[in-house]
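Fold and geometry: a report
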Amino acid sequence: MKLITLIYTYDADDEEPLSETLPAYLIGSDRAIFVSDGQLWAHEVRRSEVDPEYYVGSNEDAGIILAENVTGTAADVIPALIERWGGMTALNFIVRDLVAAPLLELGLTI
């Protein structure tokens, strides 16, 4: 996990492209996790050709929202998640975070 600066470009069909500069965490060589507008994203990124200190991504690249209604900054949220996930097996992650957590919110158990 490496802290990076991400330049994210939103390119809507009928509007001028908008850019946002965000702190993000690089996972592997081409994925970043970041918080934007209360959403936790995992997104495909690439190193900038203009300045190798920056990474770029856009809404045309592959990405997924991991969580909504996120409070706090990327520095508050992401390192704790990476530490938690890094200490889990794939089976623990699937059972505890993907299956059990939504059921617990509904008052159900497995």
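Residues numbered from 1 in each chain as written. Predicted model: local features only at pLDDT ≥ 70, side-chain atom pairs only at ≥ 80, totals over all residues. Heavy atoms only, no water.

Read across the sheet, seven strands follow the order 5-6-1-2-3-4-7 without closing on themselves; strand pairing throughout is mixed. Pairing within the sheet leaves two strands with one partner each, and these edge strands are strand 5 (46-47) and strand 7 (63-67). When strand 3 (residues 31-36) meets strand 4 (residues 39-44), the two strands line up antiparallel, connected through six bridges. Considered in strand 4, the bridge of Arg-31 is made with Glu-44. (Pairing = 2+ DSSP bridges. Helix = DSSP H or I, 4+ residues; strand = E, 2+ residues; numbered from the N terminus.)

Using the criterion set out here, one finds three aromatic pairs in the structure. Each ring, one from Tyr-8 and one from Phe-34, has its centre 5.7 Å from the other, and the planes form 45°; the classification is tilted. A residue pair is termed long-range when its members are at least 10 positions apart, and Tyr-8 in strand 1 (residues 2-10) and Phe-34 in strand 3 qualify at 26 residues. Across this residue pair, the class does not change: Tyr-8 and Phe-34 are buried. Seen from their ring centres, Phe-34 and Trp-41 are 6.4 Å apart, and the 10° between their planes marks the pair as stacked. (Phe/Tyr/Trp six-rings, centres within 6.5 Å; stacked < 30°, edge-to-face > 60°. Buried < 20%, exposed > 50% of the residue type's maximum accessible area, 1.4 Å probe, protein only.)

Moving on: unusual backbone geometry. With a phi angle near 50°, Asp-37 is a residue other than glycine that sits in the positive phi range. Tracing the backbone shows Asp-37 in the loop between strand 3 and strand 4. On the basis of relative accessibility, which here comes to 73%, the residue Asp-37 falls in the exposed class. Phi is positive for Asn-69, which is not a glycine, with a value near 60°. The residue Asn-69 is located in the loop between strand 7 and helix 1 (74-86) in this model. Assessed through its relative accessible area of 72%, Asn-69 is described here as exposed.

To continue, consider the nonpolar core. With eleven residues, the main nonpolar core is built from Ile-4, Leu-6, Tyr-8, Leu-22, Ala-24, Leu-26, Ala-32, Phe-34, Trp-41, Val-45 and Tyr-55. Mapped by element, the contributors of at least two residues to this core are strand 1, strand 2 (18-27) and strand 3. In contact with Ala-24, other than residues within four places in its own chain, are Lys-2, Leu-3, Ile-4, Leu-6, Ala-32, Ile-33 and Phe-34. Grouped together as the second largest cluster of nonpolar side chains are nine residues, Tyr-25, Ile-33, Val-77 and Ile-78 included. (Core = buried A, V, L, I, M, F, W, Y, C linked by side-chain atoms within 4.5 Å. Contact = heavy atoms within 4.5 Å.)

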